[in-house]
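# Reading the structure
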Amino acid sequence: MAREERIIADVTMLEMLAPPNLNLLWPIQGLSFIEIPEPEINQYRALYHAVGDDHFWVNRKRLTDEQLSALLYHPENYVTQLWKGDECIGFTEYHARHFPQMEIVFVGLVASETGKGLGRAMLSHTLQKIWHRNPSRVIIETNTLDHPSALPLYQKIGFRPYKHKRVSIKNSVQL
């Protein structure tokens, strides 16, 4: 049995209007980025849950497989996974559907890998790919339910807030 509750979050929308000056030494021993042009839906959902459940990521959970496939398999949608040996430990997703604006939709790690600088590495890797395409603007958003380091990291890398809003998120609680 499930009960629905609502969780309030403050959302910060950020933008970057010029390429950042990133000092990223790569590769990091034992880690690799793998571009996934057409992620397998069940594997994507499992990773989305593993990364996002602690932060109330719910948007993709509400989508049918057909709806999720339409997003993921869009020719301007990009998913990159971060692997540690034979284990996927995080992913980024961005799109260029409104080019010259590009949006980073997700940046996340499984909980056991946070606090090691890997979020910065993933974000830096993604930004290098994005700015190679010469967008006019890159946007990302975070909220108060995300990892507490997310907003400071985005700002340190060069994103600037341009809008704030408060949202109410539906959350199903198993009884």
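Note: the structure precedes this text.
Report on the accompanying structure. The structure presented is a predicted model; accordingly, all values stated were derived computationally and were not measured.

The next thing to look at is the pattern of salt bridges. Across all of its chains, the model carries nine salt bridges by this definition. Among the salt bridges present, the one from Arg-166 reaches Asp-10, with a minimum N-O distance of 2.7 Å. In this pair, Arg-166 is assigned in strand β7 (residues 160-174) and Asp-10 in strand β1 (residues 2-16), connecting sequence segments 156 residues apart. Using a relative accessible area of 31% as the deciding quantity, one classes Asp-10 as partly exposed.

With 12 residues, helix α1 (residues 41-52) extends 16 Å between its outermost C-alpha atoms, agreeing within 8% with the 16 Å of an ideal straight helix rising 1.5 Å per residue. Buried within α1 are the following residues: Ile-41, Tyr-44, Arg-45, Leu-47, Tyr-48, Val-51 and Gly-52. Buried residues of α1, seen end-on, are gathered within an arc of 165° and therefore sit on one face of the element. The inward-facing, buried residues of α1 abut α2 (65-72), β3 (77-84), β4 (87-98) and β5 (101-109).

Let's shift gears to the packing of α1 against α2. For the pair α1 and α2, interaxial distance at closest approach is 11 Å and the crossing angle is 90°. When the axes of α1 and α2 are compared, the pair comes out roughly perpendicular. Along its contact with α1, which presents Ile-41, Tyr-44 and Arg-45, the element α2 presents Asp-65, Leu-68, Ser-69 and Leu-72. For the contact of α1 with α2, a count of residues per class yields four nonpolar, one polar and two charged.

Before going further, it helps to spend a moment on the nonpolar core. Counting 39 residues, the largest nonpolar core has Phe-91, Ile-104, Leu-123, Leu-127, Tyr-154 and Phe-159 as the members making the most contacts within it. Looking at which element gives the most residues to this core, the answer is helix α3 (residues 118-131), with six residues. In this view, Phe-159 contacts Leu-14, Glu-15, Met-16, Ile-104, Leu-127, Val-138, Ile-139, Ile-140 and Tyr-154; residues no more than four positions away in its chain are not counted. By size, the runner-up hydrophobic cluster in this structure holds five residues, among which are Ile-7, Ala-9, Val-58 and Ile-169.

Quick notes on the rules
- Residues numbered from 1 in each chain as written.
- Predicted model: local features only at pLDDT ≥ 70, side-chain atom pairs only at ≥ 80, totals over all residues.
- Heavy atoms only, no water.
- Salt bridge = Lys/Arg side-chain N within 4 Å of Asp/Glu carboxyl O.
- Helix = DSSP H or I, 4+ residues; strand = E, 2+ residues; numbered from the N terminus.
- Buried < 20%, exposed > 50% of the residue type's maximum accessible area, 1.4 Å probe, protein only.
- Expected span 1.5 Å × (residues − 1).
- Arc of directions from axis to C-beta.
- Contact = heavy atoms within 4.5 Å.
- Axes fitted to C-alpha atoms, helices over the stretch in contact; angles between N-to-C directions.
- Parallel < 35°, antiparallel > 145°, perpendicular 65-115°, else oblique.
- Nonpolar A, V, L, I, M, F, W, Y, C, P; charged D, E, K, R; others polar.
- Core = buried A, V, L, I, M, F, W, Y, C linked by side-chain atoms within 4.5 Å.

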